[in-house]
Every structure is written in structure tokens, then in C-alpha cells.
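# Examination of the molecular architecture
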Amino acid sequence: EWVNFIKFFHRIIDRFEMTKEQNVTFKRNLPDQAMFVEIDEDKLTQVLYNIISNALKYSPEGGQVTFSVEERGKWMVVSVSDQGMGIPKKSIGKIFDRFYRVDKARTRKMGGTGLGLAIAKEIVDAHGGNIWAESEEGKGTTISFSLPYERAEEDEWS
Ligand code: ATP
Ligand code: MG
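Before going into details, it helps to say that this report is about the structure given with it. Note that this is a predicted model, so its numbers are computed, not measured. (Residues numbered from 1 in each chain as written. Chains lettered and ligands numbered in written order. Predicted model: local features only at pLDDT ≥ 70, side-chain atom pairs only at ≥ 80, totals over all residues. Heavy atoms only, no water.)

## Some remarks on the layout of surface pockets
Definition in use: Cavities and pockets were defined on a 1 Å grid built over protein atoms only: a cavity is a set of grid points that admits a 1.4 Å probe from which the probe cannot escape, a pocket is an open set flanked by protein on both sides within 12 Å along at least five of seven lines, and lining residues are those with an atom within 4 Å of any such point. Grid points are joined across faces, edges and corners, and a volume is the space filled by probe spheres set on the points. Numbering goes from the N terminus for both helices and strands, where a helix is a DSSP run of H or I of at least four residues and a strand is a run of E of at least two. Each residue is assigned to one class: nonpolar for Ala, Val, Leu, Ile, Met, Phe, Trp, Tyr, Cys and Pro, charged for Asp, Glu, Lys and Arg, and polar for all the others, Gly among them.
Its volume calculated, the largest pocket comes out at about 550 Å³. Lining the largest pocket we find 30 residues, and of these Asn50, Asn54, Lys57, Tyr58 and Leu117 sit closest to its centre. At the level of elements, helix H2 (41–57), strand S5 (75–82), helix H3 (104–108), helix H4 (116–126) and strand S7 (140–148) are the ones that each hand at least two residues to the lining of the largest pocket. Tallying contributions element by element places H2 first for the lining of the largest pocket, with 7 residues. Class assignment of the residues belonging to the lining of the largest pocket gives a composition of 15 nonpolar, 11 polar and 4 charged. Looking at the second largest pocket, its volume works out to about 180 Å³. Taken together, Ile12, Arg15, Phe16, Thr19, Lys20, Glu21, Gln22, Thr45, Tyr49 and Leu56 make up the lining of the second largest pocket.

## Observations regarding the pattern of salt bridges
Threshold: Criterion for a salt bridge: a side-chain nitrogen of Lys or Arg within 4 Å of a carboxyl oxygen of Asp or Glu. With a 1.4 Å probe rolled over the protein chains alone, any residue whose accessible area is under 20% of its type maximum counts as buried; one over 50% counts as exposed, and the rest are partly exposed.
Per the counting criterion, the structure on display carries 9 salt bridges. The salt bridge partner of Glu71 is Arg151, with a shortest N-O separation of 3.2 Å. Remark: Arg151 occurs in the loop between S7 and helix H5 (153–157) and Glu71 occurs in strand S4 (residues 64–72); sequence separation between them is 80 residues. The exposure class assigned to Arg151 is partly exposed, which follows from its relative accessible area of 41%. For Arg98, the salt bridge goes to Glu122, with nearest N and O atoms at 3.1 Å. With a gap of 24 residues between them, Arg98 in the loop between S5 and H3 and Glu122 in helix H4 connect regions that are remote in the sequence. Taking the relative accessible area as the measure of exposure, Glu122 reaches 46% and is therefore partly exposed. Look at the salt bridges and you will find they share partners, linking Asp14, Glu17 and Arg28 into a network.

Put into C-alpha cells, the structure is as follows:
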């Protein structure tokens, strides 16, 4: 159905902000005006849950997680950035594969099965979007995805 993604995203971030146990600050770069996209809300909740869980899991004490949404031509681009350990260049193409986990030793203590991002990719693909990662080791990671977006005509006149 058609969903105001901005309101929907705020609600999800709120939930993480209320339940987080770590000392991590949240920063929201979300537009004030509504952005409507045609999505399965439950599925996109899963996508965001998987991405945000990783950002928190890999965030250092006192780190910041930044959430952003922007319009890029015919796409809405959603990003979640953290200041964690990052992902080595040689692994970045593989993190969306099922059961892939960077550095077994390092991640064993973190728990998880290596399915979170594979599931996120499946869902984003099914919505006609793309998902990708940018990362610098020791500095942090940004996971972004795009969804087809057409600005409503009313918005153009308001
Ligand atoms: P699961 O999500 O199934 O609990 P997981 O978190 O290990 O397990 P994915 O979410 O698919 O699996 O992530 C795959 C791998 O990519 C992770 O094991 C981790 O090595 C790496 N990764 C994902 N997100 C981040 C991040 N924000 N910072 C650093 N590494 C990351
Ligand atoms: Mg995960």
C-alpha cells in the first residue's frame, strides 16, 4: 500500500531509540515533508530492523548512528551509517550473500547467522530497488537502499 515513508521510518527509529541499551546517539536527517512510496510495510520493517540491528551491533561505545532519506531523481535513497569497525574492501561484495559473515572469529562473539542482509536484499529487490554498502575499516559503514519514487503532483504545487 502507499505509505508515508518518513513517518514510517521515524516510528521505527523511535522504537530502537527507546529500547537500545548501548550508549549510542541517533541523528536523523529526514525531510520534513511526506514521501509516499508503495511498499509492504511489514517487509520494509524487516529490512530496516536488519540494517539498524547491525549498525547498533557494530557501533562502538559512544558512537553515532545516522539515518537519512533523500530524493535522487526517480529514487528515494535511505541510509543508515555507523562509526563501527567497518567492512574490509574484499568482503563488501559478499555481505548480502546468505550466511556470509566477515571474519568468523571477530563476529562469533557478536552472534547472528549471516542472514540479515541477504533477507534485506531479497525484499528490496522485490520492491524494484537496490541495496549497497560503503565502508571504511576502522571508521564506519553506511548501508543504503533505494526504492522507486515519484513525487506526488500535489507536492510540486505546494
Ligand atoms: P544476522 O543478521 O543473521 O543476525 P549477521 O548480522 O552476522 O547475522 P548480516 O546482517 O547478514 O549477518 O551481515 C553480514 C555480515 O556483514 C556480518 O556478519 C558482518 O560481518 C558484516 N556487517 C553487516 N553490517 C555491518 C556493519 N554495520 N558494520 C560492520 N560489519 C557489518
Ligand atoms: Mg545482521
